[in-house]
Amino acid sequence: MKKKLSTANRTFDVIVVGGGLAGLSSAIHLSKANLSVLVIEKNSFPKHKVCGEYISNEVLPYLDFLDIDVFKLGAKKIDKFQLSTTKSKLISTALPLGGFGISRFCLDNALAKRGLQSGAEILQDSVEDIQFSNDVFSVVTKSDKQFEAKIVIGAYGKRSNLDIKLKRQFIKSKSPYLAVKTHVKGSFPEDVVALHNFEGGYCGVSKVENDSINLCYITNFNSFKTYKDIDEFQQKVLYKNTFLKDIFTNSSPVFKEPLTISQISFDSKKPIENHIIMCGDTAALIHPLSGNGMSMAIRSAQIASTLIINYFNSENLDRETLEKKYLRAWNTAFKLRLKTGHIIADLFNQPKLSEVLMQGLKWFPGILPYIIKRTHGKVMKAE
Ligand SMILES: Cc1cc2nc3c(=O)[nH]c(=O)nc-3n(C[C@H](O)[C@H](O)[C@H](O)COP(=O)(O)OP(=O)(O)OC[C@H]3O[C@@H](n4cnc5c(N)ncnc54)[C@H](O)[C@@H]3O)c2cc1C
């Protein structure tokens, strides 16, 4: 058994930076193995997040291991997929594995509660700096608190102040993508996730636990900037797709204002930086068109947690080996999906090509489930 650090001056076995899906899943997993875990999350729970909120069923056995029953939380079972082009041509197919719809407001909150029950500490603060020296991490927060840990998991999402501190390559270039999300009440089938394309972007539609419909779209700044506001953009661009026009105009908003995020980058990142083990979007962001970022976040947490538990329990596993094993396992799990996600997004970025592609899919409907499988993983193991 590796010697743990003393806890007198707030030291932990593992500090998890960011309490989203990746951070909280790993916090539960690690605390279940009796490691001392501190999660530092800048926001309070519960909180809405910009996300399509459709998750592949591949995560269900692992969520079960974490003692999270999404259907008890009201998640909607989804087994059908609809895809439409900018010209409103529609293809429908069964989802090979299926999934479920649940809001991040609900899921992240349930994971946070479970994390506390399993013994993890959660601190609401923003991490400002992470230093590694003499085989120990020192983590400093905005409110000037300092903690030490043997291992730090970076699970702080797509983009953060820490990426600048760590001089990560992707943060140096501007990204043109922005996303908008809202919940509405209206009529939409519970068992369907739809992806409706419009010029310059695509919008995901599916139901979540409280019968709200989640509408979440991603577009690029060039398409957006010529319009005065979100309303005008939706009316003049999204509504050209008749499916989107129908959903937006025949529903009533749940949120006062839609949530927005910008600077979404799909550039590649390193899954380990300065010995920090990166999980979820901090390691890589797949195009939402593939609808699989959340299960990737949860799966990467499982991969990291299993290896970190082995690291603490085995004298023979040193940091270098831990990092090598994480990199290898991460690449095996995600490299191909990321590549496929990029190719699909590039194709759908070109309106004429995407129309041809859709015609091809109509003629050969068996191709669509095959493409979906390429962006999704196998069902996860239960620990
Ligand atoms: C428009 C859009 C639609 C999407 N739709 C889907 C979908 O339908 N299905 C799907 O599977 N995936 C989807 N995704 C991807 C999915 O949202 C992400 O992959 C997933 O949220 C990743 O989880 P995470 O835990 O890595 O990061 P997050 O959930 O972003 O969590 C990171 C956390 O870190 C915190 N944080 C950041 N910086 C700091 C700091 N310095 N100190 C402390 N805390 C910090 C943040 O507050 C946040 O809570 C979508 C993504 C986008 C952009």
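Structure: see above.
It should be emphasised that the depicted structure is a prediction, and the values quoted were computed from it without experimental measurement.

Participant: Where do I start with the overall build of the protein in this structure?
Facilitator: Scanning the protein from N- to C-terminus turns up 11 helices and 17 strands. The C-alpha atoms of the protein give 21 Å as radius of gyration, which agrees with the globular expectation for 383 residues (21 Å, within 12%). Based on the C-alpha atoms only, the size of the protein along its principal axes is roughly 60 × 40 × 35 Å. Counting all 383 residues of the protein, 56% fall into the buried class. In the protein, once contacts between residues fewer than 6 apart in sequence are set aside, the share between residues at least 24 apart is 73%. Carbon and sulfur atoms make up 53% of the accessible area of the protein, which amounts to about 17300 Å² in all. Each charge class in the protein was averaged separately, 52 positive and 37 negative side chains, and the resulting centres sit 4 Å apart.

Participant: Looking at this structure, I do not really get the site of the ligand. What am I missing?
Facilitator: Near the ligand lie 34 residues; those nearest to it are Glu41, Gly52, Tyr54, Arg104 and Asp281. Between arginine 104 and the ligand, the recorded distance is 2.7 Å, taken from a side-chain N or O atom to an oxygen atom. Here a nitrogen atom of the ligand sits 3.4 Å away from a polar atom, N or O, in the side chain of serine 160. For the ligand, whose accessible area on its own is 1000 Å², the fraction buried by protein is 95%.

Participant: Even after reading the chapter, I still don't get the nonpolar core, so can you show me in this structure?
Facilitator: One recurring pattern in soluble globular proteins: nonpolar side chains tend to sit buried together. With 74 residues, the main nonpolar core has Ile15, Ile130, Ile308 and Tyr326 as its most contacted residues. Broken down by element, this core gets its largest block of residues, 11 residues, from helix 8 (residues 293–313).

Participant: Quick question: what am I supposed to make of empty space enclosed by the protein here?
Facilitator: Enumeration according to the criterion identifies two cavities of 30 Å³ or more in this entry. Approximately 120 Å³ is the volume attributed to the largest cavity. Lining the largest cavity are 13 residues; nearest its centre among them are Tyr177, Gly200, Gly201, Tyr202 and Asn349. Listing elements by their share of the lining of the largest cavity, those giving two or more residues are strand 12 (201–207), strand 13 (213–220) and helix 9 (319–348). Its residues placed into classes, the lining of the largest cavity shows six nonpolar, seven polar and no charged.

Participant: What am I meant to see in the packing of aromatic side chains here?
Facilitator: Aromatic ring pairs are reported here in terms of the distance separating the ring centres and the angle at which the planes meet. Applying the stated criterion across every chain, the model contains 13 aromatic pairs. Look at tyrosine 62 and phenylalanine 65: their rings are 5.9 Å apart centre to centre, the planes differ by 20 degrees, and that puts the pair in the stacked class. Here tyrosine 62 pairs with phenylalanine 65, and both are found in helix 2 (residues 60–65), just three residues apart, close to one helical turn. For the ring pair phenylalanine 198 and phenylalanine 233, a centre distance of 6.1 Å and an interplane angle of 80 degrees mean the geometry is edge-to-face. Placement of the pair is phenylalanine 198 in strand 11 (residues 192–198) and phenylalanine 233 in helix 6 (residues 230–236), with a sequence separation of 35 residues. The burial state of phenylalanine 198 is the same as that of phenylalanine 233; both residues are buried. Ring-pair connections join several aromatic residues into one group, and the members of that group are Phe198, Tyr217, Phe224, Tyr227 and Phe233. Stacked on the ring of phenylalanine 65, the Lys or Arg lysine 32 has its end atom at 4.5 Å from the ring centre. Note that lysine 77 overlies the ring of phenylalanine 71, its terminal NZ or CZ placed 4.9 Å from the centroid.

Participant: Got a minute to help me understand a nonpolar patch on the surface in this structure?
Facilitator: A cluster of nonpolar side chains, contributed by Trp363, Phe364 and Ile367, occupies part of the molecular surface with about 370 Å² of accessible area. Tracing the backbone shows isoleucine 367 in helix 11 (residues 367–375). Taking relative accessible area as the criterion, isoleucine 367 reaches 36% and is therefore assigned partly exposed.

The rules we used
Within each chain, residue numbers correspond to sequence positions counted from 1 in written order. Selection of residues for local features in this predicted model requires a pLDDT of at least 70, selection of side-chain atom pairs for listing and counting requires 80 or more, and totals for whole chains, interfaces and linings are taken over all residues. As a convention, hydrogens and water are excluded, and side-chain values are obtained from all of the structure's heavy atoms. Helix and strand definitions here come from DSSP, where helices need a minimum of 4 consecutive H or I residues and strands a minimum of 2 consecutive E residues; each element is numbered from the N-terminal end. The reference for a compact globule is 2.2 Å times residues^0.38; the radius of gyration itself is calculated from the C-alpha atoms. Burial status follows relative accessibility: with a 1.4 Å probe on protein chains alone, a residue under 20% of its type maximum counts as buried, one over 50% as exposed, and anything between as partly exposed. Contacts are assigned to residue pairs with any non-hydrogen atoms lying within 4.5 Å of each other. Accessible areas in this description were obtained via Shrake-Rupley with a 1.4 Å probe; residue shielding takes into account the shown protein chains only. His is not counted, nor are the chain ends, whereas Lys and Arg count as positive and Asp and Glu as negative. Here the site of a charge means atom NZ of a Lys, CZ of an Arg, CG of an Asp or CD of a Glu. Any residue with a heavy atom positioned within 4 Å of a molecule or strand is treated as near that molecule or strand. Polar contact criterion, stated in full: a pair of N or O atoms within 3.5 Å, where within protein one must be able to donate a hydrogen and the other to accept it, and residues adjacent in sequence count only if both atoms are side-chain atoms. Definition used in this section: a nonpolar core is a set of buried Ala, Val, Leu, Ile, Met, Phe, Trp, Tyr and Cys residues joined via side-chain atoms within 4.5 Å. Think of a 1 Å grid over just the protein atoms. A cavity is a set of points where a 1.4 Å probe fits yet cannot get out, a pocket is an open set with protein on both sides within 12 Å along at least five of seven lines, and lining residues have an atom within 4 Å of a point. Grid points are joined across faces, edges and corners, and a volume is the space filled by probe spheres set on the points. In the scheme used here, Gly and all other residues not listed as nonpolar or charged are polar, with Ala, Val, Leu, Ile, Met, Phe, Trp, Tyr, Cys and Pro taken as nonpolar and Asp, Glu, Lys and Arg as charged. Ring pairs shown here join Phe, Tyr and Trp side chains whose ring centres sit within 6.5 Å, with only the six-membered ring taken for Trp; geometry is labelled stacked below 30 degrees between planes, edge-to-face above 60, and tilted in between. Only lysine NZ and arginine CZ atoms are considered, and such an atom sits over a ring when it is within 6 Å of the ring centre and within 35 degrees of the ring normal. Residues forming no salt bridge and having over 30% relative accessible area are the ones grouped into patches, like charges within 9 Å of each other and nonpolar side chains (Val, Leu, Ile, Met, Phe, Trp, Tyr) within 5 Å. Counted as salt bridges are all cases of a side-chain nitrogen of Lys or Arg within 4 Å of a carboxyl oxygen of Asp or Glu.

So far we have only geometry, and geometry alone does not tell us how the molecule works.
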